[in-house]
Amino acid sequence: MKKAVLLFVYFYFAVNGAVYATSNPKPDPGRVKFITSDVDNFWKMHARLKKAKTYEDSVTTLKKYYLDKASSGLKEHLADETKKGFEVAEWYLLALKSYPKFFASIKQHTLSINQQKKAMQAAMIKEKELNPNAVFPDIYFVVGFINTPGRFLNSGSILIGTEFYALTATTDTTEFAGTPFAVFTEAIEPLDGLPFTVVHETIHAQHRTDRKDLLTSVLKEGVADFITYLTMGEFKGGTVAMHAYGNANEEKLWKLFKSDLEGGKKDAIYRWLYSDGSGDMPRDLGYYIGYKIAETYYAQATDKKQAIVDIIEVADADKILEQSGYANKFGATR
Ligand SMILES: [Zn+2]
(Lines give C-alpha, C1' and ligand atoms only; values in the text may rest on other atoms or scores of the structure.)
Protein backbone atom coordinates (compact mmCIF):
# COMPACT_ATOMS: atom_id res chain seq x y z
CA MET A 1 0.00 0.00 0.00
CA LYS A 2 1.59 3.27 -1.09
CA LYS A 3 2.04 5.77 1.71
CA ALA A 4 2.19 8.69 -0.71
CA VAL A 5 -1.44 8.10 -1.42
CA LEU A 6 -2.94 9.46 1.72
CA LEU A 7 -5.93 7.90 3.37
CA PHE A 8 -9.39 8.20 2.12
CA VAL A 9 -10.51 5.25 0.23
CA TYR A 10 -14.08 6.04 -0.59
CA PHE A 11 -16.13 3.23 0.81
CA TYR A 12 -19.83 2.68 1.08
CA PHE A 13 -22.04 0.20 2.78
CA ALA A 14 -22.18 -2.84 0.60
CA VAL A 15 -25.85 -3.62 0.33
CA ASN A 16 -26.39 -7.29 -0.22
CA GLY A 17 -28.32 -10.29 0.91
CA ALA A 18 -25.68 -11.60 3.30
CA VAL A 19 -27.15 -10.06 6.40
CA TYR A 20 -30.43 -11.86 6.68
CA ALA A 21 -28.72 -15.13 5.91
CA THR A 22 -26.90 -15.06 9.24
CA SER A 23 -28.28 -15.70 12.70
CA ASN A 24 -26.92 -12.48 14.16
CA PRO A 25 -29.75 -10.03 13.44
CA LYS A 26 -32.36 -10.21 16.17
CA PRO A 27 -36.14 -10.03 15.73
CA ASP A 28 -36.46 -7.97 18.94
CA PRO A 29 -35.22 -4.36 18.57
CA GLY A 30 -35.02 -4.15 22.37
CA ARG A 31 -32.15 -6.64 22.29
CA VAL A 32 -29.96 -4.85 19.77
CA LYS A 33 -26.48 -4.17 21.17
CA PHE A 34 -24.85 -0.78 20.64
CA ILE A 35 -21.17 -1.46 21.23
CA THR A 36 -19.13 1.71 21.92
CA SER A 37 -16.17 0.26 23.86
CA ASP A 38 -13.87 0.73 20.86
CA VAL A 39 -14.52 4.49 20.83
CA ASP A 40 -13.67 4.71 24.56
CA ASN A 41 -10.53 2.62 24.06
CA PHE A 42 -9.43 4.69 21.08
CA TRP A 43 -9.30 7.91 23.06
CA LYS A 44 -7.56 6.30 26.03
CA MET A 45 -4.96 5.04 23.57
CA HIS A 46 -4.80 8.47 21.88
CA ALA A 47 -3.97 10.16 25.22
CA ARG A 48 -1.16 7.67 25.87
CA LEU A 49 0.25 8.06 22.39
CA LYS A 50 1.63 11.49 23.33
CA LYS A 51 4.11 9.79 25.67
CA ALA A 52 5.53 7.57 22.92
CA LYS A 53 9.15 8.54 22.15
CA THR A 54 9.73 6.42 19.08
CA TYR A 55 7.65 5.01 16.23
CA GLU A 56 7.96 1.58 17.84
CA ASP A 57 6.57 3.01 21.11
CA SER A 58 3.60 4.33 19.14
CA VAL A 59 2.93 0.97 17.53
CA THR A 60 3.12 -0.74 20.94
CA THR A 61 0.69 1.78 22.48
CA LEU A 62 -1.77 1.49 19.58
CA LYS A 63 -1.76 -2.28 19.81
CA LYS A 64 -1.84 -2.56 23.59
CA TYR A 65 -4.60 -0.03 24.24
CA TYR A 66 -6.74 -0.24 21.10
CA LEU A 67 -6.15 -3.08 18.66
CA ASP A 68 -5.60 -5.85 21.22
CA LYS A 69 -8.69 -4.71 23.14
CA ALA A 70 -10.87 -4.54 20.03
CA SER A 71 -14.46 -5.77 20.12
CA SER A 72 -15.27 -8.78 17.99
CA GLY A 73 -16.82 -6.45 15.37
CA LEU A 74 -13.71 -4.27 15.09
CA LYS A 75 -11.49 -7.37 15.03
CA GLU A 76 -13.48 -8.81 12.13
CA HIS A 77 -13.33 -5.51 10.23
CA LEU A 78 -9.58 -5.07 10.74
CA ALA A 79 -8.91 -8.66 9.70
CA ASP A 80 -10.73 -7.85 6.43
CA GLU A 81 -8.70 -4.63 6.01
CA THR A 82 -5.48 -6.63 6.53
CA LYS A 83 -6.60 -9.11 3.87
CA LYS A 84 -7.07 -6.17 1.49
CA GLY A 85 -3.42 -5.20 2.06
CA PHE A 86 -3.70 -2.52 4.74
CA GLU A 87 -0.99 -2.55 7.40
CA VAL A 88 -3.54 -1.50 9.98
CA ALA A 89 -1.18 -0.13 12.68
CA GLU A 90 0.77 1.90 10.11
CA TRP A 91 -2.39 3.38 8.63
CA TYR A 92 -3.77 4.38 12.03
CA LEU A 93 -0.52 6.13 12.96
CA LEU A 94 -0.37 7.78 9.53
CA ALA A 95 -3.92 9.10 9.91
CA LEU A 96 -3.25 10.45 13.39
CA LYS A 97 0.01 12.08 12.27
CA SER A 98 -1.48 13.59 9.09
CA TYR A 99 -4.70 14.97 10.60
CA PRO A 100 -3.95 15.73 14.29
CA LYS A 101 -6.27 18.75 14.49
CA PHE A 102 -9.13 16.83 12.93
CA PHE A 103 -8.83 13.94 15.37
CA ALA A 104 -8.45 16.25 18.38
CA SER A 105 -11.62 18.09 17.31
CA ILE A 106 -13.82 14.97 17.04
CA LYS A 107 -12.98 13.33 20.38
CA GLN A 108 -15.94 14.69 22.34
CA HIS A 109 -18.28 14.21 19.36
CA THR A 110 -17.53 10.52 18.99
CA LEU A 111 -17.74 9.99 22.76
CA SER A 112 -21.21 11.57 22.76
CA ILE A 113 -22.64 8.79 20.57
CA ASN A 114 -23.71 6.96 23.73
CA GLN A 115 -26.29 9.68 24.23
CA GLN A 116 -27.89 8.87 20.88
CA LYS A 117 -28.61 5.21 21.66
CA LYS A 118 -32.10 5.94 22.94
CA ALA A 119 -33.13 7.73 19.74
CA MET A 120 -31.83 4.83 17.65
CA GLN A 121 -33.58 2.22 19.74
CA ALA A 122 -36.89 4.13 19.73
CA ALA A 123 -36.75 4.37 15.93
CA MET A 124 -36.03 0.64 15.62
CA ILE A 125 -39.05 -0.16 17.81
CA LYS A 126 -41.19 1.92 15.42
CA GLU A 127 -39.57 0.17 12.48
CA LYS A 128 -40.69 -3.15 13.97
CA GLU A 129 -44.26 -1.85 14.28
CA LEU A 130 -44.21 -0.88 10.61
CA ASN A 131 -42.56 -4.10 9.51
CA PRO A 132 -43.15 -7.06 11.85
CA ASN A 133 -40.68 -9.13 9.79
CA ALA A 134 -37.81 -6.75 10.58
CA VAL A 135 -34.61 -8.09 12.13
CA PHE A 136 -31.96 -5.93 13.73
CA PRO A 137 -28.20 -6.25 13.55
CA ASP A 138 -25.93 -5.28 16.45
CA ILE A 139 -24.10 -2.01 15.86
CA TYR A 140 -20.37 -1.56 16.48
CA PHE A 141 -19.16 2.03 16.76
CA VAL A 142 -15.41 2.37 16.21
CA VAL A 143 -12.82 4.97 15.25
CA GLY A 144 -11.19 4.03 11.97
CA PHE A 145 -8.29 5.40 9.97
CA ILE A 146 -10.60 7.44 7.73
CA ASN A 147 -11.40 4.86 5.10
CA THR A 148 -14.70 3.18 6.02
CA PRO A 149 -17.82 5.17 6.98
CA GLY A 150 -19.64 1.95 7.63
CA ARG A 151 -20.29 -1.56 6.43
CA PHE A 152 -22.09 -4.79 7.05
CA LEU A 153 -19.81 -7.38 8.60
CA ASN A 154 -20.01 -10.95 7.34
CA SER A 155 -21.04 -12.02 10.83
CA GLY A 156 -24.23 -9.98 10.35
CA SER A 157 -23.53 -6.83 12.39
CA ILE A 158 -23.13 -3.22 11.27
CA LEU A 159 -19.88 -1.34 11.84
CA ILE A 160 -19.80 2.47 11.90
CA GLY A 161 -16.59 4.48 11.51
CA THR A 162 -17.55 7.32 13.83
CA GLU A 163 -14.92 9.69 12.42
CA PHE A 164 -17.21 10.01 9.37
CA TYR A 165 -20.16 11.15 11.50
CA ALA A 166 -18.57 13.84 13.59
CA LEU A 167 -19.23 17.08 11.78
CA THR A 168 -20.25 20.04 13.94
CA ALA A 169 -19.34 23.72 13.94
CA THR A 170 -16.22 22.87 15.98
CA THR A 171 -14.91 20.05 13.78
CA ASP A 172 -11.57 21.07 12.29
CA THR A 173 -11.34 19.95 8.65
CA THR A 174 -8.73 22.55 7.63
CA GLU A 175 -6.03 19.88 7.23
CA PHE A 176 -7.92 18.44 4.24
CA ALA A 177 -8.26 21.75 2.37
CA GLY A 178 -6.22 22.13 -0.80
CA THR A 179 -5.39 18.42 -0.92
CA PRO A 180 -6.92 15.78 -3.16
CA PHE A 181 -8.74 14.72 0.00
CA ALA A 182 -10.67 17.97 0.36
CA VAL A 183 -13.64 15.91 -0.80
CA PHE A 184 -13.52 14.31 2.62
CA THR A 185 -15.09 17.43 4.07
CA GLU A 186 -18.14 16.61 1.94
CA ALA A 187 -18.17 12.95 2.88
CA ILE A 188 -18.17 13.58 6.60
CA GLU A 189 -21.71 13.74 7.93
CA PRO A 190 -23.21 15.88 10.69
CA LEU A 191 -23.04 14.31 14.14
CA ASP A 192 -26.77 14.74 14.71
CA GLY A 193 -27.49 12.69 11.57
CA LEU A 194 -25.95 9.51 12.98
CA PRO A 195 -29.18 7.95 14.36
CA PHE A 196 -30.82 8.51 10.96
CA THR A 197 -27.90 6.77 9.25
CA VAL A 198 -27.88 3.83 11.66
CA VAL A 199 -31.64 3.21 11.30
CA HIS A 200 -31.29 3.58 7.50
CA GLU A 201 -28.63 0.84 7.50
CA THR A 202 -30.79 -1.55 9.54
CA ILE A 203 -33.41 -1.34 6.78
CA HIS A 204 -30.89 -2.66 4.26
CA ALA A 205 -30.89 -5.86 6.30
CA GLN A 206 -34.51 -6.47 5.21
CA HIS A 207 -34.23 -6.44 1.39
CA ARG A 208 -35.10 -9.58 -0.51
CA THR A 209 -33.31 -9.10 -3.79
CA ASP A 210 -29.86 -9.53 -5.21
CA ARG A 211 -30.50 -7.19 -8.14
CA LYS A 212 -27.99 -4.36 -8.42
CA ASP A 213 -29.40 -2.46 -11.42
CA LEU A 214 -29.95 1.31 -11.31
CA LEU A 215 -33.64 1.26 -10.36
CA THR A 216 -33.29 -1.43 -7.68
CA SER A 217 -30.20 0.25 -6.18
CA VAL A 218 -31.86 3.66 -6.07
CA LEU A 219 -35.02 2.16 -4.55
CA LYS A 220 -33.05 0.38 -1.81
CA GLU A 221 -31.51 3.68 -0.72
CA GLY A 222 -34.71 5.67 -1.09
CA VAL A 223 -36.80 3.10 0.77
CA ALA A 224 -34.27 3.03 3.61
CA ASP A 225 -34.55 6.83 3.89
CA PHE A 226 -38.35 6.74 3.60
CA ILE A 227 -38.88 4.13 6.33
CA THR A 228 -36.33 5.91 8.53
CA TYR A 229 -38.27 9.14 8.01
CA LEU A 230 -41.49 7.35 9.05
CA THR A 231 -39.81 6.09 12.24
CA MET A 232 -38.15 9.38 13.21
CA GLY A 233 -40.58 11.93 11.83
CA GLU A 234 -37.87 14.20 10.45
CA PHE A 235 -34.89 14.30 8.15
CA LYS A 236 -31.46 14.60 9.72
CA GLY A 237 -27.90 15.05 8.55
CA GLY A 238 -27.29 15.20 4.82
CA THR A 239 -30.89 14.28 3.95
CA VAL A 240 -32.13 17.78 4.90
CA ALA A 241 -30.17 19.56 2.17
CA MET A 242 -30.75 16.71 -0.28
CA HIS A 243 -34.52 17.00 -0.07
CA ALA A 244 -34.42 20.79 -0.28
CA TYR A 245 -32.41 20.52 -3.51
CA GLY A 246 -34.50 17.61 -4.81
CA ASN A 247 -37.84 19.32 -4.21
CA ALA A 248 -36.63 22.44 -6.01
CA ASN A 249 -35.49 20.37 -9.02
CA GLU A 250 -37.82 17.39 -8.90
CA GLU A 251 -39.09 17.33 -12.49
CA LYS A 252 -35.64 17.97 -13.98
CA LEU A 253 -34.13 15.20 -11.86
CA TRP A 254 -36.85 12.73 -12.77
CA LYS A 255 -36.41 13.35 -16.50
CA LEU A 256 -32.66 12.89 -16.22
CA PHE A 257 -33.12 9.73 -14.18
CA LYS A 258 -35.71 8.38 -16.63
CA SER A 259 -33.37 8.87 -19.56
CA ASP A 260 -30.58 7.07 -17.68
CA LEU A 261 -32.97 4.28 -16.85
CA GLU A 262 -33.98 3.91 -20.49
CA GLY A 263 -30.43 4.36 -21.75
CA GLY A 264 -29.36 1.31 -19.79
CA LYS A 265 -25.70 2.38 -19.48
CA LYS A 266 -23.98 0.57 -16.64
CA ASP A 267 -21.98 3.53 -15.37
CA ALA A 268 -25.09 5.75 -15.15
CA ILE A 269 -25.44 4.53 -11.58
CA TYR A 270 -22.48 6.70 -10.55
CA ARG A 271 -24.44 9.83 -11.42
CA TRP A 272 -27.01 8.83 -8.78
CA LEU A 273 -25.17 6.79 -6.16
CA TYR A 274 -21.66 6.15 -4.84
CA SER A 275 -20.25 9.26 -6.54
CA ASP A 276 -17.44 11.41 -5.18
CA GLY A 277 -19.35 14.68 -5.54
CA SER A 278 -17.22 15.92 -8.41
CA GLY A 279 -20.11 16.00 -10.90
CA ASP A 280 -22.35 18.93 -11.77
CA MET A 281 -25.05 18.09 -9.20
CA PRO A 282 -24.97 17.27 -5.49
CA ARG A 283 -23.91 13.69 -4.95
CA ASP A 284 -26.16 10.70 -4.26
CA LEU A 285 -29.46 12.15 -5.51
CA GLY A 286 -30.54 8.58 -6.24
CA TYR A 287 -31.53 8.48 -2.56
CA TYR A 288 -33.98 11.30 -3.29
CA ILE A 289 -35.43 9.70 -6.44
CA GLY A 290 -35.86 6.37 -4.64
CA TYR A 291 -37.49 8.15 -1.72
CA LYS A 292 -40.04 9.86 -3.96
CA ILE A 293 -40.96 6.59 -5.70
CA ALA A 294 -41.35 4.82 -2.33
CA GLU A 295 -43.35 7.71 -0.87
CA THR A 296 -45.70 7.79 -3.87
CA TYR A 297 -46.14 4.01 -3.84
CA TYR A 298 -47.04 4.12 -0.15
CA ALA A 299 -49.44 7.06 -0.62
CA GLN A 300 -51.47 5.35 -3.36
CA ALA A 301 -51.64 1.93 -1.67
CA THR A 302 -54.88 0.95 0.04
CA ASP A 303 -53.17 -1.78 2.09
CA LYS A 304 -50.47 0.23 3.86
CA LYS A 305 -48.99 -2.74 5.73
CA GLN A 306 -48.48 -4.67 2.52
CA ALA A 307 -47.09 -1.54 0.85
CA ILE A 308 -44.38 -1.31 3.54
CA VAL A 309 -43.45 -4.96 2.96
CA ASP A 310 -43.39 -4.43 -0.84
CA ILE A 311 -41.07 -1.44 -0.73
CA ILE A 312 -38.76 -2.81 1.98
CA GLU A 313 -38.27 -6.11 0.21
CA VAL A 314 -37.75 -4.39 -3.20
CA ALA A 315 -38.43 -7.75 -4.80
CA ASP A 316 -39.66 -6.13 -8.04
CA ALA A 317 -38.42 -2.57 -8.56
CA ASP A 318 -40.08 -2.17 -11.98
CA LYS A 319 -43.46 -3.09 -10.55
CA ILE A 320 -43.06 -0.66 -7.65
CA LEU A 321 -42.23 2.20 -10.01
CA GLU A 322 -45.12 1.38 -12.30
CA GLN A 323 -47.72 0.96 -9.55
CA SER A 324 -46.52 4.07 -7.74
CA GLY A 325 -47.58 6.19 -10.71
CA TYR A 326 -44.69 8.52 -9.88
CA ALA A 327 -43.76 9.03 -13.55
CA ASN A 328 -47.28 10.35 -14.26
CA LYS A 329 -46.70 13.22 -11.89
CA PHE A 330 -44.80 14.94 -14.68
CA GLY A 331 -47.32 14.26 -17.40
CA ALA A 332 -45.53 11.27 -18.87
CA THR A 333 -46.35 7.60 -18.85
CA ARG A 334 -43.67 5.04 -18.71
ZN1 LIG B 1 -28.06 2.93 2.34
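The following refers to the structure shown. Model, not experiment: these values are computed from the prediction.

**A look at unusual backbone geometry**
Next, step 1: The phi dihedral of I146 is positive, around 60°, even though this residue is not glycine.
Next, step 2: As for its placement among the helices and strands, I146 is situated in the loop between β2 (139–142) and β3 (150–152).
Next, step 3: Even without being a glycine, V314 presents a positive backbone phi close to 50°.
Next, step 4: With respect to the helices, strands and loops of the structure, V314 is situated in the loop between α14 (304–313) and α15 (317–324).

**Concerning the nonpolar core**
Next, step 1: Counting residues in hydrophobic clusters, the biggest one holds 48 residues, and the most contacted among them are I139, Y140, F141, V142 and I160.
Next, step 2: Ignoring sequence-local partners within four residues, the contact set of F141 consists of I35, T36, D38, V39, I113, I160 and T162.
Next, step 3: Counting 31 residues, the second largest nonpolar core, distinct from the first, contains I203, V218, V223 and F257.

**A few points about helix α11 (residues 250–263)**
Next, step 1: Over its 14 residues, α11 extends 20 Å from the first C-alpha to the last, a length consistent with the 20 Å expected when each residue adds 1.5 Å.
Next, step 2: Along α11, the positions that sit buried rather than exposed are L253, W254, F257 and D260. The buried residues of α11 all sit within an arc of 125° when viewed along its axis, so they share a single face. Counted as exposed and oriented over 90 degrees from the buried face of α11: E251, K252, S259, E262 and G263.
Next, step 3: Buried positions along α11 lie against α9 (214–232), α10 (238–248), α12 (269–272) and α13 (286–300).

**So, the environment of I311**
Next, step 1: Summarising the element assignment, I311 is placed in helix α14.
Next, step 2: I311 sits 231 residues away from D80 along the chain, and the two C-alpha atoms are 32 Å apart.
Next, step 3: The contacts of I311, once residues within four sequence positions are left out, are V223, A294, Y297, Y298 and I320.

Cut-offs used in this document
Residues numbered from 1 in each chain as written. Predicted model: local features only at pLDDT ≥ 70, side-chain atom pairs only at ≥ 80, totals over all residues. Helix = DSSP H or I, 4+ residues; strand = E, 2+ residues; numbered from the N terminus. Core = buried A, V, L, I, M, F, W, Y, C linked by C-beta atoms within 7 Å. Buried ≥ 20, exposed ≤ 12 C-beta atoms within 10 Å, placed from the backbone. Contact = placed C-beta atoms within 7 Å. Expected span 1.5 Å × (residues − 1). Arc of directions from axis to C-beta.

The values reported here are purely geometric and, on their own, carry no functional implication.
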